[in-house]
Amino acid sequence: MKRSKSGDSVLSRRWKSSFFVLGAALLYLLLIALKFRFFLDVGLERTLDEVGSGLPGSSDIVGAEQRKLEDGRNFDAVRKPRGYDALARSEKFREGYGRITGEVMRQYLRGRGQGRQRRGNFSELERMAQEAWAVGLKTWEEVENYDARADLKTATIIERNTQSSCPSSMSMSSNEDAAKSEQVIFLPCGLAVGSSITYVGTPHTAHKEYVPQLDRRGQEYQTVLVSQFMVELQGLKSVQNEDPPKLLHFNPRLKGDWSEKPIIEHNTCYRMQWGKALRCNGEASKGDDATVDDFVKCESWEHEDTTNLKEPKTISWLKRFIGRAKKPEMKWPFPFTEGKLFVLTIQAGVEGYHIYVGGRHISSFPYRTGFPLEDATGLATKGDVDIHSVYATSLPTTHPSFSVQQILDMSERWKSPPLLQSSVELFIGILSASNHFAERMAIRKTWMQYPAIRSSTVVARFFVALSPRKELNAALKKEAEYFGDIVILPFMDHYDLVVLKTIAICEFGVQNLTARYIMKCDDDTFIRVDVIMSRIQGVAPHASLYLGNLNILHRPLRSGKWAVTFEEWPEEVYPPYANGPGYIISSDIAKFVVSQHANQSLRLFKMEDVSMGMWVEEFNTTTSVQYSHSWKFCQYGCLENYYTAHYQSPRQMLCLWDKLSHGFAQCCNFR
């Protein structure tokens, strides 16, 4: 029996359909493999790291000094803008201070001279950068003409009047602007052990606040009752648009927060990064690390849900009659009440701050490394509170850290060694601020003493922009002249312009040096140079490398202080990027960044670590990049057998270096 033509046609169509589906599936799998190949590399690298170190995983991670820069021969043919000649004349600046980013400066001046506007997606950031360069040039000219001898007379007068400018006590009443809410009171010489600050105030009645998260969850009520205020001891900010450090953040929340119970939170904040909070919720602190100067960190207080749980008197007397009487546990109500007057005292002890309300001890918060008492020069109050008066007593009459000479150790042994004519294996660019003298000095005395750096196999330089304070710039210039390890960038320092420093590091590494690898870190990052060298020496020659603590599929925040607008970043996720405290790129990636910036096609973003991830992703479209992840590039603090440790104070730097000298890669997480 013959099969009909219609049956053959149906069977043929079925076979063709099956082959089509199979081909589409194979093509899809091929695309997936190509698109996510680097994710597999990251996963393998992470697995190897965890096996080698025993660390737990996390579901959240899905040439020579005098070598000339390329001058740009066509640049001489155009009219040089105003300000360029003064900069070009300053050979002492160009060479003595480690040389500015010449091509970056030329591109800016060239564009200004020809009336061109920089291209890019972020007009606000580009405008901010233009203004920073323009103000920076003018500021640098003032620094060049700064008369240090005339300022020395002023400094002598200031030193003589220090005693009178640092009063032992201060008081402000409610009719003075300084005592009102949302204001900052200036404490000229900070605090000392024994200093105390007393507030007299009244919390506001709770008000309703809209919570978008509740609305998104579809809950019936989208508002919550809020009554809270903050008392903060602040330091001096060093970078424009960066919040000043918070040495103590004291935050009573009368209506509670996510716990829905009254709570008091304590914390610190440095470079707009919060530390680990101490939360007092009415339960007394327990454990070996529960006291500060023999005071418990958190006292207990009664809650509404425990008030009615007291035993009847008859049962209490019966228990005392039958057995051994127990010492009654004293519990007080929450120390703050809406609309009722309070007297709050913050006292500086030997080990930490002690907080009293109405004469009763409420909590104690241990000092954290890097937040010295003398830096507490600002007293801020904000939130739902009326402050009637403020009293500060037992204040220091002199400031121990006013003089830069007390921080900088002008010794020959800390000077940067001369560069060799040969290429270097690794160049480390360190982001710093003009007034971070102590941080730079601590690095000079610790990990910059590694043999590889002393022999110039590895080169390290600080990258510092200018400050609005001319005396700081003059001190920075003197420091750069003496130690020879600072690259002064002639633009005004700004928190959103850190990305310009990263570009400068790339340029210095490929144009002033011939570095195989370039590393970026912060001046509160401690680096084990020997293990970093071992790590990169294991990479295949000529391979493109992006090494650090990688973040994958991170989403931009669309609300709050760290909000990123859709104009700034229209996509749902960021590209894979390494955390900013410490990452390494190969020289070919750095050359790509420099060339793209030179022709004004480099996309700038206000988060410098995300920017580098963007640039590496673009470079990866033409050249295969090896993405390498390791948790040992610590983003927060330190862990055992670290590669880099972040948020390390000068004191911790010295401690880490001392431990390494005894053969231990251990953390110094003392308080």
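Residues numbered from 1 in each chain as written. Predicted model: local features only at pLDDT ≥ 70, side-chain atom pairs only at ≥ 80, totals over all residues. Heavy atoms only, no water.

## Things to note about the state of the cysteines
Here is step 1: Overall, the coordinates contain four disulfides when judged by the stated rule.
Here is step 2: Here C166 connects covalently by a disulfide to C189, the sulfurs 1.7 Å from one another. A residue pair is termed long-range when its members are at least 10 positions apart, and C166 in the loop between α8 (162-165) and β1 (170-173) and C189 in the loop between β2 (183-186) and β3 (196-203) qualify at 23 residues.
Here is step 3: Judged by its relative accessible area of 2%, C166 is buried.
Here is step 4: The exposure class of C189 is buried, given its relative accessible area of 3%.
Here is step 5: Disulfide pairing is shown between C638 and C667; the S-S distance is 2.1 Å. Handedness of the C638-C667 disulfide follows from its S-S torsion of about -80°: it is left-handed. Of this pair, C638 sits in the loop between β25 (625-629) and β26 (644-645) while C667 sits in the segment after α19 (650-661), and the two are 29 residues apart along the sequence. Grouping residues by exposure puts C638 and C667 together as buried.
Here is step 6: If one numbers only the bonded cysteines of the protein chain, in the order they occur, the disulfide pattern is 1-2, 3-4, 5-7, 6-8. (Disulfide = S-S within 2.5 Å. Helix = DSSP H or I, 4+ residues; strand = E, 2+ residues; numbered from the N terminus. Buried < 20%, exposed > 50% of the residue type's maximum accessible area, 1.4 Å probe, protein only.)

## Focus on the sheet that holds β1
Here is step 1: Taken together, the six strands give an open sheet; going across it, the order is β1-β17-β3-β13-β14-β15, and neighbouring strands pair in antiparallel fashion. Bordering the open sheet on either side are β1 and β15 (360-366), each of which pairs with just one other strand. Sheet twist, expressed as the mean angle between neighbouring strand axes with direction ignored, is 20°. (Pairing = 2+ DSSP bridges. Axes fitted to C-alpha atoms, helices over the stretch in contact; angles between N-to-C directions.)

## Here we look at the sheet that holds strand β23 (residues 544-551)
Here is step 1: Read from one edge of the open sheet, seven strands run β20-β19-β18-β21-β24-β23-β25, paired in mixed fashion. Strand pairing shows two members of the sheet lacking a second neighbour, β20 (486-492) and β25, which therefore form its edges. Ignoring strand direction, the axes of neighbouring strands in this sheet form an average angle of 20°.
Here is step 2: Here strand β18 (residues 424-432) runs beside strand β21 (residues 515-522); their pairing, made up of seven bridges, is parallel. Across the sheet, I430 pairs through a bridge with C521, a residue of β21.
Here is step 3: Its contacts with the sheet put helix α14 (residues 470-483) on β19 (458-466) and β20, and the angle it makes with β20 is roughly 155°. (Contact = heavy atoms within 4.5 Å.)

## What about the packing of helix α12 (residues 437-445) against α19?
Here is step 1: With their axes 9 Å apart at the nearest point, α12 and α19 run at an angle of 5° to one another. Viewed along their axes, α12 and α19 adopt a mutual orientation that is roughly parallel. Residues A438, E439, A442, I443 and K445 of α12 form the contact with α19, whose own contacting residues are P650, M653, L654 and W657. (Parallel < 35°, antiparallel > 145°, perpendicular 65-115°, else oblique.)

## Here's the deal with the nonpolar core
Nonpolar side chains in soluble globular proteins tend to be buried together.
Here is step 1: Core analysis: the biggest nonpolar cluster contains 52 residues, and F427, Y546, I585 and W615 have the highest contact counts within it.
Here is step 2: A per-element tally of this core places helix α15 (residues 498-512) first, with eight residues.
Here is step 3: If sequence neighbours within four positions are ignored, W615 has contacts with V499, T502, I503, F592, V593, L602, R603 and L604.
Here is step 4: In this structure, L426, A442, I527 and L547 belong to the second largest nonpolar core, which totals 47 residues. (Core = buried A, V, L, I, M, F, W, Y, C linked by side-chain atoms within 4.5 Å.)

## Here we look at the pairing of strand β8 (residues 263-270)
Here is step 1: In terms of burial, β8 is largely enclosed, as seven of its eight residues are buried.
Here is step 2: Sheet topology places strand β7 (residues 246-253) next to β8; six bridges connect them, and they run antiparallel. Residue K246 lies in a different strand from β8, and its bridge partner there is C269.

## Side note on the pattern of salt bridges
Here is step 1: Tallying each qualifying case throughout the model produces 15 salt bridges.
Here is step 2: One connected set of salt bridges, linked through shared partners, spans R440, R444, E479 and D485. (Salt bridge = Lys/Arg side-chain N within 4 Å of Asp/Glu carboxyl O.)

## A few points about unusual backbone geometry
Most peptide bonds take the trans form, and the phi angle of most residues other than glycine is negative.
Here is step 1: One non-glycine residue, S456, adopts positive backbone phi at about 65°.
Here is step 2: Turning to its location among the elements, S456 is positioned in the loop between α13 (451-454) and β19.
Here is step 3: Owing to a relative accessible area of 4%, S456 belongs among the buried residues under this scheme.
Here is step 4: At L553, a position not held by glycine, the phi torsion is positive, near 60°.
Here is step 5: Here L553 is to be found in the loop between β23 and β24 (577-586).

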